[in-house]
Amino acid sequence: MQRLQFLRDSSRLLFVWPLAGLLCVGILWGVTFSKLHAEKLALQQHALQEASDLAQAQAEQATRAMEKLDELTMRIKYDWEHSKGNLRLPQFIELGIFDASHLAMAAVIGKDGLIQTASVPGNESRSFKDRAYFQFHSNNNSSAMYVGKPVIGSFSHRLVVQTSRRLESANGDFDGVAMVSVTSDYFAPFFVGPLLGKDGLLALIGNDGVVRTSAVSGAPGATAIADIYPELAAQAQTPQLFDQTWFVDQQARFVAAVPLKEYPFTAIVGLAENQVMAPYEESRKTFIRLDTAGSLLFVFFVLAAMLLSVRLAFRKAQAEEFQRAHWVATEGGNEGFYMWQAVRSRSGAILDFKVVDCNERGAELYGMKKAQLMGKRYSQLYHSIFFEEASAIPRNVYEDGYLEDDYEVLASSPLRARWLHRKMVRTRAGWAVTLRDISQIKANEQAMMRMATEDALTGLPNRHWLLQNLPGILARAGENGSMLAILFIDLDDFKDVNDSLGHLAGDELLKATAQRLRSLIRPGDSVVRLGGDEFTIVLDPVTGSDIETIATRIVEAFKAPFELSQGKNFVGTSIGIGVYPMDGADMETLLKNADIAMYSAKTSKGNFCFFTAQLHEQLQARLTAEKELMRALEDDEFVVHYQPRVATRTGEIVGLEALVRWNHPTRGEVQPGEFISVAEKTDIILRLGAAVVDKVCAQLAQWQSEGVPVVPVSINVAAKQFNGSNVKELISDCLQRYAIRAELLEIELTESMMMGEGKEIMAELEAIRALGIRIHVDDFGTGYSSLALLQRLKVDVLKVDRAFTSKLDASREGEIFFRAIVSIAHALNMDIVAEGVETLEQLHILQKLGCDEVQGFYISRPLSGEKITPLMIKGHLFPVTMPETTIPQQEK
């Protein structure tokens, strides 16, 4: 470690060689790139000059060609006009006036467009009036030579350029055309082709922008190499490099252009950059290979130099090791420093250790002055009983070379500290030792550990403590073959205290609970606060009778009120008990089973409950049911059936109640009584409720589109839907999505749910009513509602529970009770619906009592949307039956 520290301090020496190597490599590459750049510039300048020279040669050749054509067309014109049409071109051409190898055709064309004489016979009957040169001369008095665009000759079938002159009669009128057609390569010098090289370009372009001839690599006819010849001809009069975007073959070229002095044409020559720069590329590759090899040689040299430097530094570190060890030990600030030397026998065995150097802090740790400690031996400082154990440590360091650790000082040690940080390094002379007092640091760590495992509010051990220590407690119980019990405790109605009196009162109650639980357990047991209002008691060891005794003691103790600053409050407990090893051999299983037992105690209203396998099965069944419900929602297995409500007097359908059914893939149709309770205990009811609202709105939209007479449909809404979602927003979105009027949807609430959650749902109910949706109270008569609350909530419909409907024909009291409900409801402007009507006699009684609507199996069972449709179209479900009513007229 000391050697590595020295190397870090001396690392600047190791940077010299890499920097020197980088400098040399940089110079090497700099010189190479400079030379390559000069060579590149020279080649480019040479290419531009060569292109300019070749363009000048092309211009001179084109000028001579034009002069010959000018002379030939003038000779034909002169001879034709002066021979009065007796000139015969075959004999004329045979005189050798013109190079026949480039001559495609010579002809005299009369003013009627027909050939008068031609070097190639056989087309005398063909008209040439449509040719561009004929049109030009017939419409222009100029006697100058006309040079046409390159075309494929109709006789030679080669790319030709046609030149012509105007023929005139004696009085100066148009008398025809003298035409000479030559191959396009006629204008290119024969020696230029080899000089162009591969992809070299040669062209002749007129001032009219028309290319008369072009060639690439000496091959004539490549007129499409450049996309924009006129711009190229204009810019290339100053020789320069044109990039690949100028040429359709994507080859950059050095281009020069030279205008012909006597004729309206420009000669263009382009040399392909890749060919011109080929020598440069070869030189570049060669130089790069050489420089790469040179760079690698420099790298090898630098690495060798660095290795030598490291070896020298390592040797220097060895020489200074003792001095460094002394410096590190003595400059440690608050550390005690010692130099120990071995006391050996004649055979070299270590017998003892002697202090040869120390500082004042080191002597202070032994309760001495420096002068007193100097020369002392281990055997004098440590009692003979502990000497062998104490001297084993420096003996081990002598073998290993280094030791650094924290250790707790034994009570028998002469060192005056609780905890020490120790560092020992072997040197040539013995051992360099430093000791630092870390007692306060360790105390702080223990305090932090205590804070991490202690509940800040109650001072009890917390969940972290339980998870950290319970495995060891269980292991100890397993080794001893003893029983252990976990009591999982949950406070009943703690939320009511917290909500009604505030969080400060809740905290006060939790503190009092912790004190009470502490007072009820045995000295060896532990009380743990898991969080919130949940506590755990670990009974270790315990017998079966002890468990029940302590659980009963806790239940009885919590029947007494808690004296809080805001008064007395009663809070009960639900206790779940898991016993080791019967209910779980590991921590996770035991805690889980105690939690299951607590859940059972809370739901069954028992005070404490031992875990049994049956409880686990019940929990598994509930979890399975929840998974099944989630799957059913995903697979869309829930359907809605509709049970009609009819007017009591007329039998007219005035509404429907939506009732959800589960089409289970294996069990068939499952009634809501088997799954609604499970859904309401979880958030599944939120998704199920939303699905029912969506399906009802979709069905209403379908009926409307089919022209079916629609009536309002009421939907049952659970209390959890009001607490867990925005019912008003859900309904509003569905109404808007399916274009349904709000008055076609109604909401049903159970009486008990509405009364228990009145404050929480008041605002939501007002918002729903504002949409135009009516509110029903379902199962009226089974709860404890007050008339004042019903009026304040502005309920529209009371649906009397079937339990009261069934008593109508059983006793006079049942009829009297129902009559009272009808009277009160009508007085509050509410409609009355009798549920569970199953007999004609019940219907007659309800008609007599003035009940507004009836619903039940006698009218119709719940039916699917498809099956209820014919009944809706029918409109009435029984004949009108109106016995005399006993309700006063003003109450109707």
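See the structure above.
Residues numbered from 1 in each chain as written. Predicted model: local features only at pLDDT ≥ 70, side-chain atom pairs only at ≥ 80, totals over all residues. Heavy atoms only, no water.

### Focus on the layout of surface pockets
Looking at the largest pocket, its volume works out to about 890 Å³. The wall of the largest pocket is formed by 37 residues, among which Glu657, Leu659, Pro672, Asn716 and Asp778 lie closest to the centre. With five residues, strand E26 (residues 653-664) is the largest single contributor of residues to the lining of the largest pocket. The class makeup of the residues in the lining of the largest pocket is 16 nonpolar, eleven polar and ten charged. (1 Å grid on protein atoms, 1.4 Å probe; cavity = no way out; pocket = protein on both sides within 12 Å on 5 of 7 lines; lining within 4 Å. Points joined across faces, edges and corners; volume = space filled by probe spheres on them. Helix = DSSP H or I, 4+ residues; strand = E, 2+ residues; numbered from the N terminus. Nonpolar A, V, L, I, M, F, W, Y, C, P; charged D, E, K, R; others polar.)

### Description of the pairing of strand E12 (residues 265-272)
Of all eight residues making up E12, eight are buried, and the element is well covered by its neighbours. Here E12 shows no split at all, with Phe265, Ala267, Val269 and Leu271 on one side and Thr266, Ile268, Gly270 and Ala272 on the other all buried. As paired elements, strand E7 (residues 201-206) and E12 share six bridges and run antiparallel to each other. Counted as the bridge partner of Ala203 is Ile268 from E12. As defined by bridge partners, strand E11 (residues 253-259) adjoins E12 across seven bridges and the pair is classed as antiparallel. Paired with Arg253 across the two strands is Ala272, which belongs to E12. Joining the antiparallel neighbours E11 and E12 is a turn of five residues. (Buried < 20%, exposed > 50% of the residue type's maximum accessible area, 1.4 Å probe, protein only. Pairing = 2+ DSSP bridges.)

### A closer look at the packing of aromatic side chains
Taken as a whole, this structure holds 17 aromatic pairs when the rule is applied. Seen in terms of ring centroids, Trp662 and Phe675 are 5.8 Å apart; in terms of plane orientation they differ by 90°. Their pairing is edge-to-face. Linking Trp662 in strand E26 with Phe675 in the loop between strand E27 (668-670) and helix H21 (676-680), this pair joins segments that are 13 residues apart in sequence. Just as Trp662 is buried, Phe675 falls in that class too. Linked through ring pairs, Tyr338, Trp340, Phe353, Tyr366, Tyr378, Tyr382 and Trp431 together constitute an aromatic cluster. Here Arg516 stacks its cationic end above the ring of Phe562, 3.7 Å away from the centre of that ring. (Phe/Tyr/Trp six-rings, centres within 6.5 Å; stacked < 30°, edge-to-face > 60°. Lys NZ or Arg CZ within 6 Å of the ring centre and 35° of its normal.)

### Regarding empty space enclosed by the protein
Summed over all chains, the structure comprises one cavity of 30 Å³ or more. Taken as a whole, the largest cavity spans an internal volume of roughly 30 Å³. Taken together, Val693, Ile715, Val717, Gln721, Val727, Leu730, Ile731 and Ile747 form the lining of the largest cavity. Counting residues per element, the lining of the largest cavity draws most heavily on helix H24 (residues 727-738), at three residues.

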